[in-house]
Amino acid sequence: MQFQVKQGAVQDETTDLLVVNLFEGATEPSGALKAIDQALGGLVSQIIAAGDFKGKLGETQMLYPSNGALPAQRVLITGLGKPAEFNVAQARKAAAAAAKKARELGATRLATIVHGAGQGGLSVADAAQALAEGTLLGNYRYRARKQNDSDNGKPALAEVVVLEADADKLEAMRQGVAAGQIVGEAANWARDLVNEPPNYLTPREMARRVVERAEAVGLKAQVLGEAEMAELGMGSLLGIARGSDEEAQFMVLEHIPQGHDLASLPTVVLVGKAITFDTGGISIKPSENMWKMKSDMGGGAATAAALVAAAGLNLPVHAVGLIPSTENMPGGDAIKPSDVVTVMNGKTVEIISTDAEGRQVLADAMCYAARYQPDAMVDIATLTGAMVIALGPDLAGLFCDDETLRGRLMQASQETGEILWPMPLWKPYRKLLDTDAADMKHTGGRMGGAISAAIFLREFAGEQPWAHLDIAGTAWQEENSPFAARGASGFGARLLTDLLAAYAGDR
Ligand code: BES
Ligand code: MN
Ligand code: ZN
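Residues numbered from 1 in each chain as written. Chains lettered and ligands numbered in written order. Predicted model: local features only at pLDDT ≥ 70, side-chain atom pairs only at ≥ 80, totals over all residues. Heavy atoms only, no water.

Considerations on the coordination of the manganese ion (ligand 2)
Looking at the manganese ion (ligand 2), one finds its protein donor set to be Asp 278 (OD), Asp 355 (O), Asp 355 (OD) and Glu 357 (OE), positioned 2.0 to 2.2 Å from the metal centre. Around the manganese ion (ligand 2) sit six donor atoms; with metal-centred angles ranging over 71 to 168°, the donor geometry is irregular. All donors of the manganese ion (ligand 2) come from a single chain, and their spacing in sequence reads D-x76-D-x1-E. The two metals, the manganese ion (ligand 2) and the zinc ion (ligand 3), are separated by 3.2 Å and share Asp 278 as a common coordinating residue. With Asp 278 in strand S10 (residues 274–278) and Asp 355 in the loop between strand S13 (348–350) and helix H10 (358–368), the pair connects residues that are 77 residues apart, well separated along the chain. The class of Asp 278 is buried, set by a relative accessible area of 3%. Judged by its relative accessible area of 22%, Asp 355 is partly exposed. (Donors = N, O, S within 2.8 Å, 3.2 Å for Na, K, Ca; no water. Tetrahedral: all angles 85-135°; square planar, octahedral: opposite > 155°, others 65-115°. Helix = DSSP H or I, 4+ residues; strand = E, 2+ residues; numbered from the N terminus. Buried < 20%, exposed > 50% of the residue type's maximum accessible area, 1.4 Å probe, protein only.)

See below:
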């Protein structure tokens, strides 16, 4: 998708789909929409007066200009919602709704204004970034392995023209659009990885793709195989990997910003769970919904995407991405309930359910993080079914006892619309992990299952501020929404990029 920012007016633009907007509650068109209304002889005013288009967020209204009234083939009004609720996340959603419509129509050329830089009160750069991001996210769909489908006739947007009358705003708009493109493309790449079938996206293939993209944007990238992991003492990750014929991989990505003294920058380590398929292992899952467990590498995909975006934006922060990846399979050599493994930091762990594999691979990865002496560490994982039950598909759990890190994550959540909800790291539940067979067991029963998982991870978090994001409910969306296609959401890619930007002092 190519973006172009240019000086011009909507009523003069030749395009497949011209996008303008309306706030909910507006009684008459203003700004660009007013110009369209005039060109169309009051048609927009008529629609508003009839109450047929209210301007709700996610609502769209298509108009077909009669011969010659406008050079645009179609006009789409996208709702911005209530002015009092408007923010950068709403602006992004309004753009996404329009771009999703464009995909359904098969429009390849779109022209638009930025949403919310006038009445909405956003800065020009923020509005432009939200526009580019939203357009990429809304236009996305995954059809990589479909051969004969009517959808194949519906191409992606090829060209997006962003129109602005005021020449003084063009430069800020170009910068915002460029940033939005980097972030939106990274998030869509994460979605591609998650949507990809697990026979294609094995740990080795994931590592290959991650390294390829990482190196293309200038990240330092390294992959450890099982022999190297054994040397490091990653008995926990390797324990999980035993049930699979596919070799486990440990990806290490590092963003070393250009033009800065690395030692003077904050170091943030992201750790992303990347189980390319979770059968449950010997504690095998019921078959009905097992197929969705191809999304069990969503945390790893988000981590890789955030690193890619950080490099693209050249954020002045030392960011490290650690992505432990394996299948969780019930092979003949698989780990068993009551087996004891030794984590890289020497702690012994009794396995109760081989389906609690995520925390086992994260434990070793979080120990590995110590070598960077980070200022903050955030892990992100599709970790527990309990989280899905507690918060549903819209919200991810945030477990963090450090006020500053929690504040930054909540702020990033607001900005990106990837919503986090605070959850307790309730210390007394540590006793749920007591066992005679090892230093600890790794599960604490069904009740409070998301919390005891987080309490387990804390044992490997080190001393610096640490946060755990449980994205089990948000990584995979069952339903289409006005803003996004169902399937992989890419949840966390934009959030973590925004967090890195906060550490970079960009905000
Ligand atoms: N990957 C799953 C968690 C999950 C469930 C993600 C549903 C997305 C949707 C994880 O590995 C798992 O199986 N967790 C177990 C832990 C239990 C055995 C303590 C669970 O939540 O059932
Ligand atoms: Mn599992
Ligand atoms: Zn899992």
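Digging into the nonpolar core
Val 378, Leu 405, Leu 409, Leu 469 and Leu 500 are the most contacted members of the largest nonpolar core, which has 58 residues in total. Top contributing element to this core by residue count: helix H9 (residues 298–312), with 10 residues. By size, the runner-up hydrophobic cluster in this structure holds 49 residues, among which are Val 349, Leu 362, Tyr 372 and Phe 399. (Core = buried A, V, L, I, M, F, W, Y, C linked by side-chain atoms within 4.5 Å.)

Notes on the site of ligand 1
Around ligand 1, the structure places 15 residues, and the nearest of them are Lys 285, Asp 296, Asp 355, Glu 357 and Gly 385. The separation between an oxygen atom of ligand 1 and a polar side-chain atom of Lys 285 is 2.8 Å. Contact between ligand 1 and Leu 383: a nitrogen atom at 3.4 Å from a main-chain N or O atom of the residue. Protein chains bury 75% of the 520 Å² of accessible surface belonging to ligand 1 in isolation. (Near = heavy atom within 4 Å. Polar contact = N/O pair within 3.5 Å; in protein donor to acceptor, adjacent residues only side chain to side chain. Areas by Shrake-Rupley, 256 points an atom, 1.4 Å probe, with all protein chains shown as cover.)

Some thoughts on the coordination of the zinc ion (ligand 3)
Here the zinc ion (ligand 3) is held by Lys 273 (NZ), Asp 278 (OD), Asp 296 (OD) and Glu 357 (OE), and the distances to it run 2.0 to 2.4 Å. If you look at the zinc ion (ligand 3), its six donor atoms make angles of 78 to 174° with each other, and the shape they trace is octahedral. When the donor residues of the zinc ion (ligand 3) are listed from N- to C-terminus, their spacing reads K-x4-D-x17-D-x60-E.

Some words on empty space enclosed by the protein
According to the stated counting rule, one finds one cavity of 30 Å³ or more in the structure shown. Considered as a void within the structure, the largest cavity measures approximately 30 Å³ in volume. Val 19, Ala 95, Ala 98, Ala 99, Leu 110, Thr 112, His 115, Leu 131 and Thr 135 together form the lining of the largest cavity. Elements that contribute at least two residues to the lining of the largest cavity include exactly helix H3 (88–105), strand S5 (109–112) and helix H4 (124–139). For the lining of the largest cavity, the class distribution of residues is six nonpolar, three polar and no charged. (1 Å grid on protein atoms, 1.4 Å probe; cavity = no way out; pocket = protein on both sides within 12 Å on 5 of 7 lines; lining within 4 Å. Points joined across faces, edges and corners; volume = space filled by probe spheres on them. Nonpolar A, V, L, I, M, F, W, Y, C, P; charged D, E, K, R; others polar.)

Considering the side chain of His 442
Along the polypeptide, His 442 turns up in the loop between strand S17 (440–441) and helix H13 (449–458). Judged by its relative accessible area of 0%, His 442 falls in the buried class. The residues contacting His 442, other than those within four sequence positions of it, are Val 349, Glu 350, Ile 351, Ile 352, Ser 353, Ala 356, Arg 359, Gln 360, Leu 433 and Phe 456. (Contact = heavy atoms within 4.5 Å.)

Details of the state of the cysteines
For the structure on display, the rule yields zero disulfides. Between Cys 367, a cysteine without a disulfide, and Cys 400, which holds the nearest cysteine sulfur, the sulfur-to-sulfur distance is 18 Å. (Disulfide = S-S within 2.5 Å.)

Quick notes on the sheet that holds S13
Two modes of strand pairing occur in sheets, parallel and antiparallel, and in both the strands are linked by backbone hydrogen bonds. Reading across from one edge, S12-S13-S17 is the order of the three strands in this open sheet, with mixed pairing throughout. Since the sheet does not close on itself, it has two edges, and those belong to strand S12 (340–342) and S17, each with one partner. (Pairing = 2+ DSSP bridges.)

Concerning the sheet that holds strand S4 (residues 75–79)
Read from one edge of the open sheet, six strands run S1-S6-S5-S2-S4-S3, paired in mixed fashion. Single-partner strands in this sheet number two, and they are strand S1 (2–7) and strand S3 (60–63). For this sheet the average axis-to-axis angle between neighbouring strands, irrespective of direction, equals 25°. Strands in contact with H3 are strand S2 (17–22), S3, S4 and S5; relative to S4, the strand with the most contacts, it is inclined by about 145°. (Axes fitted to C-alpha atoms, helices over the stretch in contact; angles between N-to-C directions.)

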